[in-house]
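# Remarks on the overall topology
The chain contents come next:
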Amino acid sequence: MSQLRPAIVLLLVLTLLTGAVYPLLTTGLAQWWFPSQANGSLIEQDGAVRGSEQIGQMFNQPGHFWGRPSATGDAPYNALASSGSNLAGSNPALDKAVAERVAVLRAANSQAPKAVPVELVTASASGLDPDISPEAALWQAPRIAAARKMALKDVEALIVRHTERPLLPFVGEETVNVLRLNLALDDLQG
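Below: a short report on this structure. Each chain carries its own residue numbering, running from 1 in the direction its sequence is written. Residues qualify for local features only when their pLDDT is at least 70, as the model is predicted, and side-chain atom pairs are given and counted only at 80 or more; totals for whole chains, interfaces and linings, by contrast, use all residues. Processing note: side-chain calculations cover all non-hydrogen atoms of the structure and skip hydrogens and water entirely.

## Brief notes about the overall build of the protein chain
Rule in force here: Labels follow the DSSP assignment, with helices taken as runs of H or I lasting at least four residues and strands as runs of E lasting at least two, numbered in each case from the N terminus. Only C-alpha atoms enter the radius of gyration, while the globule expectation follows 2.2 Å times N to the 0.38, with N the number of residues. Residue exposure (1.4 Å probe, protein chains only): buried if accessible area is under 20% of the type maximum, exposed if over 50%, otherwise partly exposed. We call two residues contacting when some pair of their heavy atoms lies within 4.5 Å.
Tallying secondary structure elements over the protein chain gives 6 helices and 5 strands in all. In sequence order, the protein chain lays out its α and β elements as α-α-β-β-α-β-α-α-β-β-α. The C-alpha radius of gyration of the protein chain comes to 22 Å, more than 25% above the 16 Å expected for a compact globule of 190 residues. Its C-alpha atoms give the protein chain principal-axis dimensions of about 80 × 45 × 35 Å. In the protein chain, buried positions account for 32% of the 190 residues. Intrachain contacts of the protein chain at a sequence separation of at least 6 include 58% that bridge at least 24 residues.

## Looking at unusual backbone geometry
In this model, Ser41 sits at a positive phi of 50°, which is unusual for a non-glycine residue. Structurally, Ser41 is set in the loop between α2 (35–38) and β1 (42–45). Looking at Ser41, the relative accessible area reads 4%, which means it is buried. With a phi angle near 55°, Asp46 is a residue other than glycine that sits in the positive phi range. Residue placement: Asp46 occurs in the loop between β1 and β2 (48–52). A relative accessible area of 80% places Asp46 in the exposed class.

## Some points on a nonpolar patch on the surface
Spelled out, the test is: Two distance rules govern patches: like charges are joined within 9 Å, and nonpolar side chains (Val, Leu, Ile, Met, Phe, Trp, Tyr) within 5 Å, applied only to residues with over 30% relative accessible area and no salt bridge. All accessible-area figures derive from a Shrake-Rupley calculation using a 1.4 Å probe, and residue coverage is judged against the displayed protein chains alone. The term salt bridge refers to a side-chain nitrogen of Lys or Arg lying within 4 Å of a carboxyl oxygen of Asp or Glu.
A cluster of nonpolar side chains, namely Val9, Leu10, Val13, Leu14, Leu16, Leu17 and Val21, defines an oily patch on the protein surface of about 600 Å² accessible area. Position of Val13 relative to the elements: it lies in helix α1 (residues 4–33). Overall, the relative accessible area of 42% leaves Val13 in the partly exposed class.

Okay, here's the thing in structure tokens:
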């Protein structure tokens with residue numbers, strides 16, 4: 001009995017600390033220091049939420065930039081089913097999927113160079129990647145310009161304006177958020 005009382009008190013104190021105080025403190029600090037990120041990095045336009053900066057969306061219209069393929073089960077970019085395809089590089093199913101994606105991209109982007117950027121045919125580990133490289137965006141630029149009847153240089157300039165650079169050049173790679181780029185493209189012609 002002498003050991004039971006301290007054990008129960010310790011259980012209650014630690015439950016209170018780890019179950020209430022710590023979550024409330026971290027949530028409060030996140031809301032104070034990083035309010036956008038703490039609330040899902042949502043992108044609002046005209047009072048409506050259009051998506052999140054952190055989760056890719058399916059775009060397959062000729063006049064929009066396309067992101068990385070999604071391997072999230074039954075529906076593309078399903079945040080509740082985040083996963084990769086788990087196919088090994090030696091798996092024939094992966095080779096077949098990549099070949100099919102290359103064929104679709106080449107057919108849709110007949111004006112683009114023959115070599116398709118790798119991230120446009122391979123899914124990310126989460127299946128939710130919202131970004132592509134500037135090279136992948138530029139590869140799609142001729143299709144976008146033709147579909148929207150825009151000058152290619154204007155589409156390329158839009159890509160350059162929406163290219164996010166890492167804080168330090170050796171710490172990361174340049175990326176383009178597909179949703180933000182497509183929204184900017186729609187705003188140009190909206």
